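Chain by chain, the residues run as shown.
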Amino acid sequence: MKDLTIQLTSESRVSKVDFHNLPFGKIITDHMFEIDYDGTKWVNPRITPVEKMSIHPMNMALHYGQSIFEGMKASRSKDGTPLLFRPEMHAVRMNASARRMCMPEIPEDIFVEALHAIVGIDQEWIPKIEGSALYIRPFMFATDEMIGVKASDTYKFMIICLPVGPYYPKPIKLLVESQYIRAAKGGVGEAKAAGNYAAALYPSKLAREQGYDQVLWLDAVHHKYAQEVGTMNIFFVFKDEVVTPATSGTILKGITRASTIEILKGNGLNVSEREISIDEIYSKYQAGELLEVFGTGTAALIANVEEIKYEDHIMHLDSSNWQLSTSIKNEINGMRFGTIEDKRGWTVPVKEIAVTA
Ligand code: COI
């Protein structure tokens, strides 16, 4: 990106941050990356100090929802090198979301170079404390100013970064949602589209009112097969098989999900991506064969589930059985912090760019 311009902040806020007490999603670093799509090409890549943006009241993203995003994390290896986790996979998924939402693709080299540039510049913000990370949020939205349903001609792609603590600081409780649905085949459930998250808010609020942290979504046709949690994909560990719902157009193709499957298979476990009904889950639970349930996601990493409520049935998951989730968490964290060898090449050292202030 030879035309990237960089304007640095005159005063970093990093020294004011309490890295021992990081809420998720509230603190932003000093800089942001921005590039515009002018209808035919991406122009004017720039890194500037974070500031509020002004939005026209006719901005099409506000009215018709062309808005997609990614979530990634940067960490610091034990020798201090900032590391990205599987950046190319995020670029590919961002573009899959863009195609589905009728938005322009962002060239992978721009996406990846921008990540290196912004994380390199704000690397002092990468938390060093276990369980914390620099959360990276690439996003794209429509910028045409028009009322009327059509795809926007112009767009903005941005990257912001936030030092974060754990998304779920403790094991969570899930309520199986049998009335509302998250996604149907042919819809946009596989895209990381902002509207998918909006659609989940009301059922999630109802679940919280009953004391549950999140809903476990079922399929839209039979209201029977487990899908995902909305903030993460889901895994069920049975005595002789680890099952995660197959991604069949309605489930986000999680990068932590894919990494978990690869690690488990590499460790010789019997992992299935298949349909799994809530009745099967409950009957395995009753037979004492459901050992662990955990979610996987960039923000959540590996989130243990301690309780699932399905109609009148409550399943309690005993933490003394949570060995597999703990070992995956340790393996991914070990790679991200450079304490175990990354044989798969998932972590990528940040290439710092020369910055002339
Ligand atoms: C992520 O895991 O990165 C997400 O985008 C999910 C969101 C709940 C933060």
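Cut-offs applied
- Residues numbered from 1 in each chain as written.
- Predicted model: local features only at pLDDT ≥ 70, side-chain atom pairs only at ≥ 80, totals over all residues.
- Heavy atoms only, no water.
- Core = buried A, V, L, I, M, F, W, Y, C linked by side-chain atoms within 4.5 Å.
- Buried < 20%, exposed > 50% of the residue type's maximum accessible area, 1.4 Å probe, protein only.
- Helix = DSSP H or I, 4+ residues; strand = E, 2+ residues; numbered from the N terminus.
- Domains from an automatic or database assignment.
- Contact = heavy atoms within 4.5 Å.
- Pairing = 2+ DSSP bridges.
- Right-handed = clockwise from strand over helix to strand, strands pointing away.
- Near = heavy atom within 4 Å.
- Polar contact = N/O pair within 3.5 Å; in protein donor to acceptor, adjacent residues only side chain to side chain.
- Areas by Shrake-Rupley, 256 points an atom, 1.4 Å probe, with all protein chains shown as cover.
- 1 Å grid on protein atoms, 1.4 Å probe; cavity = no way out; pocket = protein on both sides within 12 Å on 5 of 7 lines; lining within 4 Å.
- Sits in = over half its atoms within 2 Å of the grid points.
- Nonpolar A, V, L, I, M, F, W, Y, C, P; charged D, E, K, R; others polar.
- Expected span 1.5 Å × (residues − 1).

Chemist: Which residues make up the nonpolar core, and what are the values?
Modeler: Ranked by size, the top nonpolar core spans 53 residues in total, and within it F33, V119, M140 and F157 carry the most contacts. No other element matches the nine residues that helix α3 (residues 108–121) contributes to this core. Two domains share this core, each providing at least three of its residues, namely domain 1 (5–166) and domain 2 (172–321). Beyond its immediate stretch of four places on either side in the chain, F157 contacts F33, E34, I35, W42, M94, I106, F111, P138, F139 and M140. Within the second largest apolar cluster, 27 residues are counted, among which are Y168, A226, V229 and Y310.

Chemist: Describe the pairing of strand β10 (residues 214–217), naming the residues involved and giving the relevant values.
Modeler: Burial along β10 is two-sided: the face carrying Q214 and L216 and the face carrying V215 and W217 are both buried. In the sheet, strand β9 (residues 172–177) pairs with β10 via four bridges, with the strands oriented parallel. Bridge pairing in β10 places E177 opposite W217. In this region the chain leaves β9, passes through helix α4 (residues 194–209) and returns to the parallel neighbour β10; the handedness of that crossover is right-handed.

Chemist: Can you explain the site of the ligand? Please cite residues and give values.
Modeler: In the vicinity of the ligand, the contacting residues are F69, G71, Y135, R137, Y167, K192, T231, T298 and A299. Within the side chain of Y135, a nitrogen or oxygen atom sits 2.5 Å from an oxygen atom of the ligand. In this structure, K192 approaches the ligand through a side-chain N or O atom, which is 2.8 Å from an oxygen atom. When the ligand sits alone it has 280 Å² of accessible area, and the protein chains cover 91% of it. If you map the ligand onto the pockets, it falls in the largest pocket. Partitioned by chemical class, the residues of the shell around the ligand number four nonpolar, three polar and two charged.

Chemist: Break down the side chain of S152 for me, with residues and values.
Modeler: Looking at the secondary structure, you find S152 in the loop between β7 (133–142) and β8 (155–164). Exposure remark for S152: the relative accessible area of 5% places this residue in the buried category. A distance of 3.1 Å separates a polar side-chain atom of S152 from the backbone nitrogen of D144. Those residues within four positions of S152 in sequence are excluded, and the remaining contacts are M60, Q66, A142, T143 and D144.

Chemist: If you had to explain helix α2 (residues 87–100) to someone new, which residues and values would you point to?
Modeler: Helical geometry: 3.6 residues make up each α-helical turn, so side chains three or four residues apart lie on a common side. The first and last C-alpha atoms of α2 sit 20 Å apart over 14 residues, in line with the 20 Å expected at 1.5 Å per residue. Three or more residues of α2 are buried, namely P87, H90, A91, R93, M94, N95, S97 and A98. Just downstream of α2, C102 is the residue with a positive phi angle, here 60°.

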